[in-house]
Amino acid sequence: MVLNYIWIAFFAIAFIIALVKLVVFGDFDVFPAMMDSTFSSSKTAFEISLGLTGVLALWLGIMKIGEQGGVVNVLARMLSPVFVKLFPEIPKGHPVTGSVFMNIAANMLGLDNAATPLGLKAMEQMQELNTKKDTASNAMIMFLVLNTSGLTLIPVSILVYRAQMGSAQPTDVFIPILLATFFSTLAGIIVTSLYQRINLFSRTLLLTLGGACALVAAVIWGFSQLPPDTMNRVSTTVANILLMTIIIGFILAGVRKKVNVYDAFIEGAKDGFTTAVRIIPYLVAILVAIGVFRASGAMDMLIGGIRWLVEACGFDSDFVAALPTALMKPLSGSGARGMMVDAMTAYGADSFVGRLSCVFQGSTDTTFYILAVYFGSVGIRYTRHAVACGLLADLAGIIAAIAICYMFFG
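Residues numbered from 1 in each chain as written. Predicted model: local features only at pLDDT ≥ 70, side-chain atom pairs only at ≥ 80, totals over all residues. Heavy atoms only, no water.

J.: Looking at this structure, I do not really get the overall build of the protein. What am I missing?
T.: Counting its regular elements, the protein contains 18 helices and zero strands. For the protein, whose C-alpha radius of gyration is 22 Å, the value lies close to the compact-globule estimate of 22 Å for 410 residues. Across its three principal axes, the protein shows a C-alpha extent of roughly 70 × 45 × 40 Å. Going through the 410 residues of the protein one by one, you find that 53% of them count as buried. Considering only contacts in the protein between residues 6 or more positions apart, those separated by 24 or more positions represent 78%. Accessible surface, the protein as shown: approximately 18,200 Å² in total, 67% of it carbon and sulfur. Distance between charge centres in the protein, computed from 25 positive and 23 negative side chains, equals 13 Å. (Helix = DSSP H or I, 4+ residues; strand = E, 2+ residues; numbered from the N terminus. Rg over C-alpha atoms; globule rule 2.2 N^0.38 Å. Buried < 20%, exposed > 50% of the residue type's maximum accessible area, 1.4 Å probe, protein only. Contact = heavy atoms within 4.5 Å. Areas by Shrake-Rupley, 256 points an atom, 1.4 Å probe, with all protein chains shown as cover. Lys, Arg positive; Asp, Glu negative; His and termini not counted. Charge placed at Lys NZ, Arg CZ, Asp CG, Glu CD.)

J.: Looking at this structure, how should I read the pattern of salt bridges?
T.: A side chain with one charge can pair with a side chain of the opposite charge if their charged atoms come near. Going through the model one piece at a time under the given rule, you end up with four salt bridges. Two residues, R162 and D172, come together in a salt bridge whose shortest N-O distance is 3.0 Å. Within this pair, whereas R162 is found in helix α7 (residues 156-164), its partner D172 is found in the loop between α7 and α8 (174-196), the two being separated by 10 residues in sequence. With relative accessibility at 0%, the residue R162 sits in the buried group. Counted as one network, the salt bridges with shared partners bring together R162, D172, D350 and R355. (Salt bridge = Lys/Arg side-chain N within 4 Å of Asp/Glu carboxyl O.)

J.: Please explain the packing of aromatic side chains as it appears in this structure.
T.: For any pair of aromatic rings, the description rests on two quantities: the centre-to-centre distance and the angle between the ring planes. The tally for this structure, following the rule as stated, stands at seven aromatic pairs. Consider the rings of F143 and Y374, whose centres lie 6.1 Å apart with planes at 20°: the pair is stacked. Placement of F143 in helix α6 (residues 138-148) and of Y374 in helix α17 (residues 367-377) is noted, with a sequence separation of 231 residues between them. Residue classification places Y374 among the buried residues on the basis of a relative accessible area of 5%. (Phe/Tyr/Trp six-rings, centres within 6.5 Å; stacked < 30°, edge-to-face > 60°.)

J.: I keep staring at the environment of G362 and nothing clicks. Help me out?
T.: Mapped onto the secondary structure, G362 falls in helix α16 (residues 352-363). Along the chain, G362 and L151 lie 211 residues apart, while their C-alpha atoms are 8.5 Å from each other.

J.: Please explain a nonpolar patch on the surface as it appears in this structure.
T.: Residues F15, I16, L19, V20, V23, V24 and F25 make up a contiguous nonpolar surface patch of roughly 720 Å² in combined accessible area. With respect to the secondary-structure elements, F25 resides in helix α1 (residues 2-25). (Patch = residues over 30% accessible without salt bridge, like charges linked within 9 Å, V, L, I, M, F, W, Y side chains within 5 Å.)

J.: Honestly, unusual backbone geometry in this entry has me stumped. Any pointers?
T.: When glycine is set aside, most residues are seen to have a negative phi, and most peptide bonds are trans. Phi angles above zero are rare outside glycine, and R197 is one such case at about 55°. With respect to the helices, strands and loops of the structure, R197 is situated in the loop between α8 and α9 (203-224).

J.: Just checking my understanding: could you explain the nonpolar core for this structure?
T.: One broad rule of soluble globular proteins: the nonpolar side chains tend to lie buried together. Grouped together as the largest cluster of nonpolar side chains are 58 residues, with contacts concentrated most on F87, M123, M126, F143 and F375. Beyond its immediate sequence surroundings of up to four residues, F375 is in contact with M123, A136, M140, L144, I370, I380, T383 and A386. If you look at the next biggest cluster of nonpolar residues, it comprises 30 residues, including F352, L356, C358 and A401. (Core = buried A, V, L, I, M, F, W, Y, C linked by side-chain atoms within 4.5 Å.)

J.: In this structure, what is going on with helix α2 (residues 30-69)? I would like to understand it.
T.: Note: α-helices contain 3.6 residues per turn, so residues at a spacing of three or four share the same orientation. With 40 residues, α2 should reach 58 Å at 1.5 Å per residue; the first-to-last C-alpha distance of 56 Å fits that figure. Along its length, α2 reaches its greatest deviation from straightness, about 35°, at T53. Trailing α2 by a residue or two, G70 shows a phi angle of about 90°, which is positive. (Expected span 1.5 Å × (residues − 1). Bend = angle between axes of the 7 residues up to and from the residue.)

J.: Even after reading the chapter, I still don't get the packing of α2 against helix α12 (residues 280-295), so can you show me in this structure?
T.: Between two packed helices, the angle of one axis relative to the other and the distance separating the axes together describe the packing. In contact at an axis separation of 8 Å, α2 and α12 are set at 150° when each is read in the N-to-C sense. Viewed along their axes, α2 and α12 adopt a mutual orientation that is roughly antiparallel. Where α2 crosses over α12, the two elements pack in a sense that is right-handed. Residue-level inspection shows V30, A33, M34, S37, T38, S41, S42, T44, A45, F46, I48 and S49 of α2 in contact with α12, the latter providing I280, L283, V284, L287, V288, G291, V292 and A295. Taken together, the residues that form the contact of α2 with α12 break down as 13 nonpolar, seven polar and no charged. (Axes fitted to C-alpha atoms, helices over the stretch in contact; angles between N-to-C directions. Parallel < 35°, antiparallel > 145°, perpendicular 65-115°, else oblique. Left-handed = near helix turned anticlockwise from the far one by under 90°. Nonpolar A, V, L, I, M, F, W, Y, C, P; charged D, E, K, R; others polar.)

Below is the structure:
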């Protein structure tokens, strides 16, 4: 229901602004630009879904091998103490906990293409447990907030973009991104737990969150000891080694259990095509609305208003030039990526604005895209508090990114 109102608001605001531009300022290009954006955004939505088909088939096939080989059940048993607290609706030891873990692990390694099919698999399993098939369950919402908060340990793609844009030290944003995304995820867990009345002061959750903080600190310290070029190579290599280890490990587990791994892979991969087709309407809906909103000039007006407000309050407004990336990220990953590249082009990859844009890009995830695709894949219409919790996690990430970048680069 919330997505319905947001979708209508995008079109209504865009149309009003475009009409004012035409009538008052004589801008005859705004409506053609908006119509062009509807066609290009629709094409982009289809291309994204088409591009996901192969990846979905691959990872759903691998997950099927993992299920039949017993790997997912092992992960479920290992994670049960924590997941019972964060996901009380999910029965202890249920296979969905393994899928959730694999999705979160892929996100942490910056492996977006691997994370999406794993996440869709987890949503399908949670939908089987959901008593109201058109309404998001608490477990679904907690899972999506963990996704939208974007916890990332190795932001490989951002480091590559910085290198391509001529940065002297592409990896200098690594630690700021890690810190900002950690605060975003932590805020998301706390906010969602408050909504769902989950006790965060239980011994298990305190130990887990404390351990996560210690792990993040250790990773930060370890990578900070490496030269920039070595850091980039090590992070990329580690991500790919872990990904290949997962694939080989699942296959070996299947062989050990005497599973016909080829047939199991084919069985799981078949679901990849149907899932990719099922999400096309949802992608078209959200990307077209975002495209029209951008083409009308509404985003530019919003940024201008924020700059005026910040300066009127007497604060430094250097960060405002990077805000388009932050504001676009919850709406569109590709749009935010374009904003990030544009900021580095206009201000320089090693400028404050260029670096902050990169940290914005890495500190949160595409909230509305994830909600549209994940909920759409299982037919959820009523999202309850998912949007509010996701956006509050995004806001925490944005605030943390600004503060951390002023600390590191200001």
